[in-house]
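Here is how the chains run, residue by residue.
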Amino acid sequence: MGSTNSTLLKIPNVEVLMRETGFSPAHIIRLHDRFKALDKEGRGYLCPQDFGAIKELAMNPIGDRIIGAFFSPGKETVDFHTFVKILAHFRPVDKDRPKEPNSPEPINSRSNKLKFAFQLYDQDKDGKISRDELLKVLRAMLGMQVTEEQLESIADRTIQEADLDRDDAISFEEFRKSLEKVNIDHKMSIRFLR
Amino acid sequence: MESYLFPFDSLICMLLGISFTVWFTLLLVFIIVPAIFGVSFGIRRLYMKSLIKLFEWATLRMERGAKEKNQHLYKPYSNGIIAKEPASLEQEIQEMRRGGAEPEFDMSDIFYFCRRGVESIVDDEVTKRFTAEELESWNLLTRSNYNFHHISTRLTVLWGVGVLIRYGFLLPLRVTLAFTGVGLLVVLTSIVGLFPNGRMKNYLSDKVHLMCYRICVRALTAIITYHDSENKPKNGGICVANHTSPIDVIILASDGCYAMVGQVHGGLMGVIQRAMVKACPHIWFERSEVKDRHLVAKRLSDHVADTTKLPILIFPEGTCINNTSVMMFKKGSFEIGCTVYPVAIKYDPRFGDAFWNSSKFGMVNYLLHMMSSWAIVCSVWYLPPMSRMEEEDAVQFANRVKAAIARKGGLADLLWDGGLKRGKVKEVFKEEQQKLYSKVLVGSSEDRSRS
């Protein structure tokens, strides 16, 4: 136990971080402790192996894609700020936030959550989920439990339903439209305790 | 000039001499003699009660101090940062279907895996078990407090006094006792080893072992409560217990006599091991022999078959866990086919954390931590003996024993393998997830095609 201020002071630009992500001081401290626990060698940043060491994540069928989402293209390390910003996607949507016209969209908005999920499919980041990329995800989630034909038929049917402009790929808009009725806030949010 | 220093010298010598004598007499009377006979004056329990009152006061003081300064008190929660959804894969996916439609693949299915993945990044079950348990109240040890800083003068003074007492008085006392205990163990077991094999030798060896372990228990100021002693392990059986620290051995061995199992070490440990084995048969393996599972199993079963030999003490988790849960038991000791006597050990974290984080601290560092804590308080439960049933295999038997230990000790019963602390997750676990998911999808489409 102790006052929060001393730990917060050790984190650079923590005010900006809290404003951008919407996390409370207590959350930031918890996340900072978690960051330090994952950063076993105390280097101040995380690399893919540190994530890979989390057993439950290694067991997740799309674990490596999730890890990939933390690292921007070309970067091999994640610092604390990036770590918190990515996790901010999973904050529940702030229902009573006033809609200021000039402020940037909050990280945990419905649209940004969808973008996060979209990039898990779209690994080459060309803005479209091709049939091939869809097959790869299906294979990851189902492993060896289904045959190649079953996978292909699932992929075909999915593209048929979602692909509105018939270019045999699913763009972000088509992705968003197909998930119109899904309660994204509930499915893509983590309840942070006080 | 020098002439009047002499009386001072002799005065100081005399004072030192007297204090040493007093010191050693007290030590002998209050600690060593009771250890030999296995009685207790109750001093340690009194000490424990007064410590509890002190900690409660300290906690209240800190809370009040923080409120006065209007600062937000950071209370560590022992159950994690986030509330995890208890719903399983199937439930989640059914929910996600837009009411009534057949469960088929949907783009939103990925949300489930994605969320679980990120949840595990923020807080996962396994890493939590290998870091020291977090406390709700503060026990005046800075190592268990997150950001100690000046809240009130009184508290800081109290902490300072605590440091003085712990390092200035308790630590030297304990170190002395530890050396005495270990020294006596080595010397006396070697002497007993000179006797011819027989009942006399066994009797003496038991007494010697018990006495030395009791001295070591006092060296740690360990306050142990033994429950259900009627279930204590008997000859020709194996005693299994959950593992939190190397001290577990001392705690159990000060109440009963066991045959130890372990690797041969060099240095001081090696000396102790060689001396112990002279008095009664323990099982020490060479490093090369440890890999050969059949050899290990054979030596264990040979020992168990001989009913004059003491019950074997084994820690099947294979590694130190932080005493909030029990991890997977290795099946080796359960294949031998003799009676198993389970024992549950639960430490009270308020007085000092007994968990040995071997990746963070070495042995000497750990022992120093232990000896400069307030006390080690723990409870030991002897559970009724269990044997492998007809239809069970070794793994199921191991899990049954594990569940019984976890239940009795109030620890969480986890499927996870203690080896996960260092090793990689087996592919099997990932396949389980994939199997579950495919059952939801493909299983239902089969129904559809049939109808």
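Only a predicted model underlies this, so the values are computations on that prediction, with no experimental measurement involved.

(A) Spatial organisation of the overall build of chain B. The helix and strand inventory of chain B stands at 14 helices and 10 strands. In chain B, buried positions account for 47% of the 451 residues. Working note: accessible area of chain B is about 22,700 Å², and carbon and sulfur atoms make up 62% of it.

(B) Seen up close, the packing of aromatic side chains. Residues and elements named next belong to chain A. All told, the structure shown has 13 aromatic pairs over all chains when counted by the stated rule. Taking 5.4 Å as the distance between ring centres and 70 degrees as the angle between the ring planes, the aromatic pair formed by F35 and F80 counts as edge-to-face. Taken together, the residues F35 in helix 3 (residues 25-38) and F80 in helix 7 (residues 80-88) connect sequence positions 45 residues apart. The exposure classification of F35 matches that of F80, with both residues buried. Look at F51 and F83: their rings are 6.4 Å apart centre to centre, the planes differ by 45 degrees, and that puts the pair in the tilted class. Taken as a pair, F51 in helix 4 (residues 48-52) and F83 in helix 7 lie far apart in primary sequence, 32 residues in all. With relative accessibility at 0%, the residue F83 sits in the buried group.

(C) Main features of the pairing of strand 8 (residues 340-348) of chain B. Residue and element names in this part refer to chain B. Of all 9 residues making up strand 8, 9 are buried, and the element is well covered by its neighbours. Alternating positions in strand 8 separate into two faces, V340, P342, A344, K346 and D348 on one and Y341, V343, I345 and Y347 on the other, with burial throughout. Relative to strand 9 (residues 376-382), strand 8 runs antiparallel, the two sharing 6 bridges. Bridging from a neighbouring strand, I345 pairs with V380 of strand 9.

(D) Fine view of the environment of V93(A). Residues and elements named next belong to chain A. Considering the arrangement of structural elements, one finds V93 in the loop between helix 7 and helix 8 (110-121). Separated by 14 residues in the primary sequence, V93 and I107 place their C-alpha atoms 9.3 Å from one another. Residues in contact with V93, not counting those within four places in the same chain, are N108, R110, K113 and D185.

(E) Structural context of the UniProt feature "transmembrane region" (unreviewed entry) in chain B. Residue and element names in this part refer to chain B. The positions that UniProt labels "transmembrane region" (unreviewed entry) are, in the present scheme, residues 20-43, 151-169, 175-195 and 366-383. Across residues 20-43, helical content stands at 79% and strand content at 0%; the span's end C-alpha atoms are separated by 22 Å. Along residues 175-195 one finds 90% helix and 0% strand; the C-alpha atoms at either end are 31 Å apart.

(F) Quick look at the UniProt feature "domain: EF-hand" (unreviewed entry) in chain A. Taken from the UniProt record, the annotation "domain: EF-hand" (unreviewed entry) applies to residues 109-144 and 150-185 of chain A. The annotated region residues 150-185 of chain A carries 61% helix and 8% strand content, and the separation between its end C-alpha atoms amounts to 31 Å.

(G) Region of interest: helix 3 of chain A. Here helix 3 of chain A contains 14 residues, and its C-alpha end-to-end distance of 20 Å stays within 8% of the 20 Å for a straight helix at 1.5 Å per residue. Counting buried positions along helix 3 of chain A yields 11 of 14 residues, so the element is predominantly enclosed.

(H) Structural context of the packing of helix 6 (residues 153-193) of chain B against helix 9 (residues 267-279) of chain B. Residues and elements named next belong to chain B. In contact at an axis separation of 7 Å, helix 6 and helix 9 are set at 40 degrees when each is read in the N-to-C sense. Pair helix 6 / helix 9 crosses with left-handed handedness. Residues V182, L185, V186, T189, S190, V192 and G193 of helix 6 pack against V271, I272, A275, M276, K278 and A279 of helix 9. Residue classes in the contact of helix 6 with helix 9 are distributed as 9 nonpolar, 3 polar and 1 charged.

(I) Structural view of the state of the cysteines. Residue and element names in this part refer to chain B. Applying the stated criterion to the full structure yields 0 disulfides over all chains. Take C212: it sits in no disulfide, and the sulfur closest to it among the cysteines is that of C216, at 7.1 Å. C212 sits in the buried class, given a relative accessible area of 1%. Cysteine C280 shares no disulfide, and the gap to the nearest cysteine sulfur, in C257, comes to 7.5 Å.

(J) Region of the structure containing the nonpolar core. In this structure, I28(A), F70(A), F83(A), F175(A) and F105(B) are the most contacted members of the largest nonpolar core, which totals 71 residues. Looking at this core, the element that brings in the most residues is helix 4 (residues 109-122) of chain B, giving 8 residues. Lining this core are residues from two domains, each supplying at least three of them: domain 1 (15-89) and domain 2 (105-187) of chain A. In this view, I28(A) contacts L8(A), I11(A), V14(A), L17(A), M18(A), F23(A), F80(A) and V84(A); residues no more than four positions away in its chain are not counted. Counting residues in hydrophobic clusters, the runner-up holds 48 residues, among them L177(B), A178(B), L252(B) and Y347(B).

(K) The side chain of T189(B), seen in detail. Residue and element names in this part refer to chain B. Among the structural elements, T189 can be located in helix 6. By relative accessible area, which is 0% here, T189 ends up buried. Here T189 is in contact with L184, V208, H209, A275, M276, K278 and A279, once residues within four sequence places are set aside.

Quick notes on the rules
- Residues numbered from 1 in each chain as written.
- Chains lettered and ligands numbered in written order.
- Predicted model: local features only at pLDDT ≥ 70, side-chain atom pairs only at ≥ 80, totals over all residues.
- Heavy atoms only, no water.
- Helix = DSSP H or I, 4+ residues; strand = E, 2+ residues; numbered from the N terminus.
- Buried < 20%, exposed > 50% of the residue type's maximum accessible area, 1.4 Å probe, protein only.
- Areas by Shrake-Rupley, 256 points an atom, 1.4 Å probe, with all protein chains shown as cover.
- Phe/Tyr/Trp six-rings, centres within 6.5 Å; stacked < 30°, edge-to-face > 60°.
- Pairing = 2+ DSSP bridges.
- Contact = heavy atoms within 4.5 Å.
- UniProt positions renumbered as here; feature names shortened; annotations may be inferred.
- Expected span 1.5 Å × (residues − 1).
- Axes fitted to C-alpha atoms, helices over the stretch in contact; angles between N-to-C directions.
- Left-handed = near helix turned anticlockwise from the far one by under 90°.
- Nonpolar A, V, L, I, M, F, W, Y, C, P; charged D, E, K, R; others polar.
- Disulfide = S-S within 2.5 Å.
- Core = buried A, V, L, I, M, F, W, Y, C linked by side-chain atoms within 4.5 Å.
- Domains from an automatic or database assignment.

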